[in-house]
Amino acid sequence: MTAPIVIIGTGLAGYNLARELRKLDGDIPLLLITRDDGRSYSKPMLSTGFAMNKDAESLGMASAGAMAAQLKAEIRTHTEVTRLEPAAQRIWLGNEPVVYRDLVIAWGAQTLRVPLAGDAADAVHPINDLLDYGHFRAAAQGRKRVLIMGAGLIGCEFANDLRLGGYEVDVVAPAEQLMPGLLPPQPAAAVRQGLEALGARFHLGTVVERLDRHGDALSAQLADGRRLDCDLVVSAVGLRPRTELAAQAGLAVARGIAVDRQLRTSAPHVYALGDCAEVDGLNLLYVMPLMSGVRALARTLLGTPTEVSYGPMPVTVKTPACPLVVSPPAADAAGRWVVEGQGADIKALYLGADGKLLGYALTGAAVQDKLALNRQLPPVLA
Ligand code: FAD
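Everything in this summary refers to the structure shown in the same document. This structure is a prediction, so every number in the text was calculated from the model and none was measured. (Residues numbered from 1 in each chain as written. Predicted model: local features only at pLDDT ≥ 70, side-chain atom pairs only at ≥ 80, totals over all residues. Heavy atoms only, no water.)

### Let's talk about the overall build of the chain
Here comes step 1: When helices and strands are counted, the chain shows nine helices and 25 strands.
Here comes step 2: A compact globule built from 382 residues should have a C-alpha radius of gyration of about 21 Å, and the chain, at 22 Å, falls within 12% of that.
Here comes step 3: In terms of its C-alpha atoms, the chain occupies a principal-axis envelope of roughly 60 × 60 × 35 Å.
Here comes step 4: Across the 382 residues in the chain, those meeting the buried criterion constitute 51%.
Here comes step 5: Long-range pairs, those at least 24 residues apart, make up 61% of the contacts in the chain between residues at least 6 apart in sequence.
Here comes step 6: Total accessible area on the chain is roughly 16,900 Å²; 52% of this is exposed by carbon and sulfur atoms. (Helix = DSSP H or I, 4+ residues; strand = E, 2+ residues; numbered from the N terminus. Rg over C-alpha atoms; globule rule 2.2 N^0.38 Å. Buried < 20%, exposed > 50% of the residue type's maximum accessible area, 1.4 Å probe, protein only. Contact = heavy atoms within 4.5 Å. Areas by Shrake-Rupley, 256 points an atom, 1.4 Å probe, with all protein chains shown as cover.)

The structure is reproduced here in structure tokens:
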């Protein structure tokens, strides 16, 4: 029997790649392996679930069984890949070896954890997949007050969503502004005002140091001496691409698993896609780059080597309290922010020395300029 194309992961990267492969080839053997339950879902929906009153069950779009039938693929759920052995073209699931024709690593990124003192440090909820979301919703049942650690994109989206879901929300984060890695101060202030008008409270420039149980509730001790009472804690302090097993197997790893524009790792017949992959130096934890990768990689795996390219990739942040679209400039792009507007409506343009547009952040009514600006942006990966 021909060895299958093995895909590790059934997130948006793994399932979309399998779909694309099936579209182009009805017969090629496919094996998908996931350590979760293999339900198909759209991860971006996790931060709109409370506003839309959707539990984990209703966010799940298809079971692993339904996906296997639809994709004509074998899907192994609750199964963890524990070792890669590229020299023998196989992987290990505990003691069981699995041989592949080609291997695609699409095992995503893991949530960062901050070490906390106190007897309730284990009560912190990261929300990075449907199972996490299900656990959090169950814990949130009948409770009122949520403390969110982190004011990045995900922390702000959850703040907005949980307020719309009727929870009291306190956000604690070390920087002095929201989304510091993504936004200049003015649009960040606009988003903060929008979320505060919705009732979210921000405690910036400090961190949670300690979390203790007080009867049924929790008490968070902040580094600046303040104490906040809450019922639940969400951790949104960041994500890190999963790279350990790849590094142990000798694959080149940088921030993510290093791949070229054909998504080839440093080992033959091994590819990486999605949140775990660093494509030509770029590790972008968004859906658009992943979908470009899917289209290119399916063709490559079926015999037509195809390089991935990214056009402009603006991100719509799901903070309806203050609409925000951002197209961050490349990390090495020399330029300066030019900001106009006031209150909720901010247009921040990142311009190079020659006046060319290299990135933007738009809030409120300024969001309507995004299509015109997108046409002026350089591609993210030409
Ligand atoms: P994942 O979905 O994390 O999938 C990883 C898979 O690998 C899982 O099936 C897991 O079980 C499996 N796995 C991991 N390790 C192993 C192992 N050792 N063995 C077997 N299986 C393993 N992006 C946007 O562009 N727009 C948005 O609005 C947006 N909103 C978001 C909101 C939230 C709350 C979050 C958390 C992210 C959001 N993102 C958004 C980011 C986007 O959702 C991700 O970039 C994308 O879903 C990543 O998909 P993935 O398949 O690479 O990883």
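### Observations regarding the sheet that holds strand β21 (residues 315–317)
Remark on secondary structure: sheet strands pair via backbone hydrogen bonds, oriented parallel or antiparallel.
Here comes step 1: With respect to topology, five strands assemble into an open sheet ordered β21-β22-β25-β24-β23, the strand pairing being antiparallel. Two strands lie at the open edges of the sheet, namely β21 and β23 (336–342), each paired on one side alone. Sheet twist, expressed as the mean angle between neighbouring strand axes with direction ignored, is 15 degrees. (Pairing = 2+ DSSP bridges. Axes fitted to C-alpha atoms, helices over the stretch in contact; angles between N-to-C directions.)

### Re the packing of helix α1 (residues 12–24) against helix α8 (residues 287–301)
Here comes step 1: Running from N to C, α1 and α8 point in directions that differ by 40 degrees, and their axes come no closer than 9 Å. Classed by the angle they form, the pair α1 and α8 counts as oblique. Crossing handedness for the pair α1 and α8: right-handed. Every residue of α8 that contacts α1 at L12, A13, N16, L17, E20, L21 and L24 is listed here: V287, L290, M291, V294, R295, L297, A298, R299 and L301.
Here comes step 2: Grouping the constituent residues of the contact of α1 with α8 by class yields twelve nonpolar, one polar and three charged. (Parallel < 35°, antiparallel > 145°, perpendicular 65-115°, else oblique. Left-handed = near helix turned anticlockwise from the far one by under 90°. Nonpolar A, V, L, I, M, F, W, Y, C, P; charged D, E, K, R; others polar.)

### What to know about α1
Helical geometry note: an α-helix holds 3.6 residues per turn, so side chains three or four residues apart project in the same direction.
Here comes step 1: End to end, α1 covers 18 Å across 13 residues, agreeing with the expected 18 Å (1.5 Å per residue, within 8%).
Here comes step 2: When α1 is considered as a whole, its buried residues turn out to be A13, G14, Y15, N16, L17, A18, E20, L21 and R22.
Here comes step 3: Looking at the buried positions of α1, the neighbouring elements they touch are β1 (5–8), β2 (30–33), α3 (64–71), β3 (74–76), β7 (102–105) and α8. (Expected span 1.5 Å × (residues − 1).)

### Things to note about the packing of α1 against α3
Here comes step 1: As a packed pair, α1 and α3 sit with axes 10 Å apart at the nearest point and diverge in direction by 25 degrees. Taken together, the axes of α1 and α3 are roughly parallel relative to one another. Within the contact between the two elements, α1 uses Y15, A18, R19 and R22 and α3 uses A64, M67, Q70 and L71.
Here comes step 2: Considered class by class, the residues forming the contact of α1 with α3 number five nonpolar, one polar and two charged.

### Re the environment of T265
Here comes step 1: Mapping T265 onto the fold places it in the loop between β18 (257–259) and β19 (270–272).
Here comes step 2: Judged by its relative accessible area of 9%, T265 falls in the buried class.
Here comes step 3: T265 sits 53 residues away from D212 along the chain, and the two C-alpha atoms are 44 Å apart.
Here comes step 4: In contact with T265, other than residues within four places in its own chain, are L251, I257, A258, V259, V270, Y271 and A272.
Here comes step 5: A distance of 3.1 Å separates a polar side-chain atom of T265 from the backbone nitrogen of A267. (Polar contact = N/O pair within 3.5 Å; in protein donor to acceptor, adjacent residues only side chain to side chain.)

Interpretation in functional terms is not warranted from these geometric data alone.
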